[in-house]
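Coordinate analysis (summary)
Listed below are the residues making up each chain.
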Amino acid sequence: MPTAFAWARVSSKDQEQAGNSIPGQLRSIREFAQAKGINITQEYSASESAFQGDRDKFNGMVADAIRLHPDFILADESSRLSRDREVSIRVKRELRKAGIHLLYVNEPDIDPRSVAGFWLESIQETKNQATSLEIAVATIRGMKANAAARDPETGWCYHNGGRPPYGYRRRVLEKGHDSKG
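Residues numbered from 1 in each chain as written. Predicted model: local features only at pLDDT ≥ 70, side-chain atom pairs only at ≥ 80, totals over all residues. Heavy atoms only, no water.

With that settled, the discussion passes to the overall build of the protein. On a plain count of helices and strands, the protein comes out with five helices and four strands. Its helices and strands in sequence order give the protein the pattern β-α-α-β-α-β-α-β-α, from N to C terminus. Intrachain contacts of the protein at a sequence separation of at least 6 include 64% that bridge at least 24 residues. Accessible surface, the protein: about 11,300 Å² in total, of which carbon and sulfur atoms supply 52%. (Helix = DSSP H or I, 4+ residues; strand = E, 2+ residues; numbered from the N terminus. Contact = heavy atoms within 4.5 Å. Areas by Shrake-Rupley, 256 points an atom, 1.4 Å probe, with all protein chains shown as cover.)

Dropping the structure here:
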């Protein structure tokens, strides 16, 4: 019976609450593996960005796969691995060199050694990175709108959450307890 590692990822706690949860992804991956006759030997998951930042859990899964040689790595979709095209290409090359095939529950299985497969995978990687860039633009737009909106009592802008973008500073104020809040 072929073996696999399962990989599930969400970018943030908000994403997990919005219904794209790690347990939901793992459930879909398990059902997919069972239907294909694949034995999942390890399950890995993380709440981390697929485009930048610290990816210790993902890198650990890749290192384990290269060391232990499962037949497959299963994920919900290709963007769960990485939305950075360069990282995606490098990781896929390393895994394929070790004889590990990637399968996605919600995307077609393509052969990257074929001409059509090469093009489809390139398009998939480009789409994933473009989606990440679109999300970043929409996030900054929303943060700017929040910063422009003012609390009617204090005149201070509303909290955006997360790390402030370049040029902004986070200041915690408590209404009624802080002279400016």
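Attention now moves to unusual backbone geometry. Most of the time, phi is negative for any residue but glycine, and the peptide bond is trans. Despite not being glycine, His69 shows a phi value in the positive range, around 55 degrees. Looking at the secondary structure, you find His69 in the loop between helix H3 (56-68) and strand E3 (72-75).

With that settled, consider helix H5 (residues 115-148). The end-to-end C-alpha distance of H5 is 50 Å, a good match for the 50 Å that 34 residues give at a rise of 1.5 Å each. Residues of H5 that are buried: Gly117, Glu121, Ser122, Gln124, Glu125, Asn128, Ser132, Met143 and Ala147. As for H5, its buried residues are in contact with helix H4 (85-97) and strand E4 (101-104). (Expected span 1.5 Å × (residues − 1). Buried < 20%, exposed > 50% of the residue type's maximum accessible area, 1.4 Å probe, protein only.)

Okay, a nonpolar patch on the surface next. Side chains of Val115, Phe118, Trp119, Leu120 and Ile123 sit close together on the surface and give an oily, nonpolar patch of about 570 Å² of accessible area. For Leu120, the location among the structural elements is in helix H5. (Patch = residues over 30% accessible without salt bridge, like charges linked within 9 Å, V, L, I, M, F, W, Y side chains within 5 Å. Salt bridge = Lys/Arg side-chain N within 4 Å of Asp/Glu carboxyl O.)

Per-chain confidence: the protein averages 85 in pLDDT, with 80% of residues scoring 70 or above. When the elements of the protein are averaged for pLDDT, helix H1 (residues 13-17) gives the smallest value, 57, and E3 the largest, 98. (pLDDT = per-residue confidence, 0-100.)

Okay, helix H2 (residues 22-36) next. Over its 15 residues, H2 runs 21 Å from end to end, which matches the ideal 21 Å to within 8%, given 1.5 Å per residue. Residues Ile22, Gly24, Gln25, Leu26, Ile29, Phe32 and Ala33 constitute the buried set of H2. In this structure Ser21 caps H2, since a side-chain oxygen of it lies 3.0 Å from the backbone nitrogen of Gly24. (Polar contact = N/O pair within 3.5 Å; in protein donor to acceptor, adjacent residues only side chain to side chain.)

Another point: the side chain of Asn128. By the secondary structure assignment, Asn128 is in helix H5. A relative accessible area of 3% places Asn128 in the buried class. In contact with Asn128, not counting residues within four places along its chain, are Ser78, Ser79, Ser82 and Arg83.

Assignment of secondary structure puts Glu94 in helix H4. Put simply, Glu94 and Val62 are 32 residues apart on the chain and 8.6 Å apart in space, counted from C-alpha to C-alpha. Filtering out sequence-adjacent residues up to four positions away, Glu94 remains in contact with Val62 and Ile66.

Right, let's get into the packing of H4 against H5. Between two packed helices, the angle of one axis relative to the other and the distance separating the axes together describe the packing. Axis separation between H4 and H5 bottoms out at 9 Å; the angle between their running directions is 140 degrees. In this view, H4 runs oblique relative to H5, as classed from their interaxial angle. The crossing of H4 and H5 is right-handed. Across the interface between the two elements, Arg85, Ser88, Ile89, Lys92 and Arg96 of H4 pack against Glu121, Ser122, Glu125, Thr126 and Gln129 of H5. Classifying every residue of the contact of H4 with H5 gives one nonpolar, four polar and five charged. (Axes fitted to C-alpha atoms, helices over the stretch in contact; angles between N-to-C directions. Parallel < 35°, antiparallel > 145°, perpendicular 65-115°, else oblique. Left-handed = near helix turned anticlockwise from the far one by under 90°. Nonpolar A, V, L, I, M, F, W, Y, C, P; charged D, E, K, R; others polar.)

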